[in-house]
Amino acid sequence: MKTLDLIVVGAGPGGYIAAIRAAQLGFSVACVDDNAALGGTCLRIGCIPSKALLESSERFASAGHALADHGVMVEPTLDLGVMMKRKDRVVKALTGGVRSLFKKHGIEAVKGRGRLAGERRVEVEGEDGGTLEAEHIVLAPGSRAATLPGAELDEDRIGSSTAALAYPEVPGDLVVIGAGAIGLELGSVWSRLGSRVVVLEYLDRILPGIDGEIAARAARVFEKQGLELRLGQRVTGARVEGDRCTVEVDGADPLSCDRVLVAVGRRPATDDLGLAEAGVELDDRGFIVVDDRFRTGASGIYAIGDAIGGALLAHKAEEEGVACVEGIAGQPVHVNYRAIPNVVYTEPEVAAVGWTEEELEAEGIPFRKGTFPWSANGRARALGDTTGFTKLLVHEETDRLLGAHILGARAGDLIAETVVAIAFGASAEDLAMTSHAHPTLAETIKEAALASAGRALNI
């Protein structure tokens, strides 16, 4: 039995970052994962491959439509095989990079299924099977695609995002169940490549959790792009019939399509970890219960990332991984959850951080908002993309920035400025008085800050 200072179960963004930070702090570390390609769902079958396909599909769509406005005349031809191979190369490079980082920091990568097995022990089943022992164990098992009653996944005709990242051909008709980030991103990919895409959403809006005004604007843009959004739709089942699929909807005619993408969220991957036997408590949704130092109810066992709930985001898991092991090392523990950005990588992108307008109203927090349309921004005009919109929410009394919401090209990059502002307690005045290069899209943040005080200069 091998003894270490710390064992991490799960090599996703939370787990591998926790392992690296622990090694930097002088711990001997092993990281257990049942996949030889390190990086977890995010790198292998989630964030990274989806972004690779989004980028490729957007270039294809741009070549067929938007380039003509710039005087560039082309007739693109799709080679889906080449596009998929590029996606796979991106994934391979990044998962290989994680393994290189493990070697650099002296972290032992253990291939197999890790399971708690008695006090301070992890039993590994698989290629590197055996028992590991450590004073500290960090659980980072991540999450998996949620299922929908009546729609059994075969990961072929009816599948999760994993299947939708590797369709062998462009579906003629694709039904997407769920209008969250995953459904809209992958729906956009296949729509750009030629599918007729129908998105069914149980709620009366898309992108739950995103500021309502921004989500409504995004919906109008996506519909103009060709996505058919059907809101308030309760899907009661989906089945394969021959070479077609049938999707049943309460109170509406069934839909026939080539493939179905079930994108109704994710659930914690907390089964078969030996949690109950070890005394690790789960809440009523299956998430691991932890305190403010990521400690479970079992001595020496911690948990981070998707498995503990909150926003199921890779970068949130990374922040928790660092904070957790620093706490184990006796350092202060703090994660500012109001300064965790959320990005939807459609085109245009949707990015947000902090409070939404609906949350502020519900809490009775006095606020002002400043907005700026990208149609009044020089850089957006030059890019030929004026659908964007920037919105800032500031405290009525203190002028402190409470939330930022952006719809537009590269919004995921632009949001970083406002994340820093929120993290440091900056005011709208601070943003307004900061020089922003001209012409840039970032100027929309300065203008929205000015607009919150009725001082916008370009509208």
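Residues numbered from 1 in each chain as written. Predicted model: local features only at pLDDT ≥ 70, side-chain atom pairs only at ≥ 80, totals over all residues. Heavy atoms only, no water.

Draft legend 1. Here's a closer look at the side chain of aspartate 33. Mapped onto the elements, aspartate 33 comes out in strand S2 (residues 29-33). Although aspartate 33 lies buried, it forms no salt bridge, and the closest oppositely charged side chain, arginine 44, sits 5.2 Å away as judged by the N-O distance. Aspartate 33 has contacts with Gly10, Ala11, Gly12, Val110, Lys111 and Gly112, leaving out every residue within four places of it along the chain. (Helix = DSSP H or I, 4+ residues; strand = E, 2+ residues; numbered from the N terminus. Buried < 20%, exposed > 50% of the residue type's maximum accessible area, 1.4 Å probe, protein only. Lys, Arg positive; Asp, Glu negative; His and termini not counted. Salt bridge = Lys/Arg side-chain N within 4 Å of Asp/Glu carboxyl O. Contact = heavy atoms within 4.5 Å.)

Draft legend 2. Just the sheet that holds strand S14 (residues 255-257), in detail. Sheet architecture is open: three strands sit in the order S12-S13-S14, paired in antiparallel fashion. Looking at strand neighbours, the two that pair on one side only are strand S12 (235-241) and S14, the edges of this open sheet. Each strand of the sheet is rotated relative to its neighbour by a mean of 20°, with strand direction disregarded. One ladder, built from three bridges, connects strand S13 (residues 244-249) with S14; its direction is antiparallel. Among the inter-strand pairings, cysteine 245 is bridged to a residue of S14, identified as cysteine 257. (Pairing = 2+ DSSP bridges. Axes fitted to C-alpha atoms, helices over the stretch in contact; angles between N-to-C directions.)

Draft legend 3. Representation of the packing of aromatic side chains within the structure. By the definition in use, this model includes one aromatic pair. Measuring from ring centre to ring centre gives 5.1 Å for tyrosine 167 and tryptophan 190, while their planes differ by 40°; the resulting arrangement is tilted. Here tyrosine 167, found in the loop between helix H5 (161-164) and strand S9 (173-177), pairs with tryptophan 190, found in helix H6 (residues 181-192); they are 23 residues apart in sequence, far enough to count as distant. Each of the two residues, tyrosine 167 as well as tryptophan 190, counts as buried. Directly above the aromatic system of tryptophan 355 lies the positively charged group of arginine 338, at a separation of 3.7 Å from the ring centroid. (Phe/Tyr/Trp six-rings, centres within 6.5 Å; stacked < 30°, edge-to-face > 60°. Lys NZ or Arg CZ within 6 Å of the ring centre and 35° of its normal.)

Draft legend 4. Region of the structure containing the nonpolar core. The biggest cluster of nonpolar side chains holds 53 residues, and the ones touching the most others in it are Ile7, Val29, Phe102 and Leu139. For this core, the leading source of residues is helix H1 (residues 13-24), giving six residues. Each residue touching phenylalanine 102, except ones within four places of it in the same chain, is listed here: Tyr16, Ala19, Ile20, Cys31, Leu38, Ile107 and Ala109. Formed by 36 residues, the second largest nonpolar core is a distinct cluster that contains Leu53, Met83, Ile214 and Leu261. (Core = buried A, V, L, I, M, F, W, Y, C linked by side-chain atoms within 4.5 Å.)

Draft legend 5. The pairing of strand S22 (residues 401-408), seen in detail. Within S22, eight of the eight residues are buried, leaving the element largely enclosed by the surrounding structure. Sheet topology note: the strand S19 (residues 349-354)/S22 ladder contains six bridges and is antiparallel. In the strand pairing of S22, alanine 352 is matched with histidine 405. As paired elements, strand S21 (residues 389-395) and S22 share six bridges and run antiparallel to each other. Across the sheet, the residue bridging to leucine 392 is alanine 404, located in S22. Following S21, the chain reverses through five residues before pairing antiparallel with S22; aspartate 399 in that reversal takes a positive phi of roughly 70°.

Draft legend 6. Spotlight on the side chain of lysine 316. When you line up the elements, lysine 316 lands in helix H9 (residues 314-328). In this structure the side chain of lysine 316 is engaged in a polar contact, spanning 3.2 Å, whose partner is the backbone oxygen of glycine 305. Of note is the side chain of lysine 316, whose polar atom sits 2.5 Å from the backbone oxygen of glycine 309. Those residues in contact with lysine 316, other than ones at most four positions away along the chain, are Gly305, Ile308, Gly309, Ala311, Tyr337 and Ile340. (Polar contact = N/O pair within 3.5 Å; in protein donor to acceptor, adjacent residues only side chain to side chain.)

Draft legend 7. Looking closely at helix H12 (residues 411-423). A rise of 1.5 Å per residue sets the reference length of H12, with its 13 residues, at 18 Å; its end C-alpha atoms lie 18 Å apart and thus fit the reference within 8%. Of all the bends in H12, the largest measures some 25° and sits at glutamate 417. Buried-residue contacts for H12 involve strand S18 (342-344), S19, S21, S22, helix H13 (428-432) and helix H14 (443-451). Remark: glycine 425 follows H12 within two positions and exhibits a positive phi of approximately 70°. (Expected span 1.5 Å × (residues − 1). Bend = angle between axes of the 7 residues up to and from the residue.)

This is a description of form; function is not addressed.
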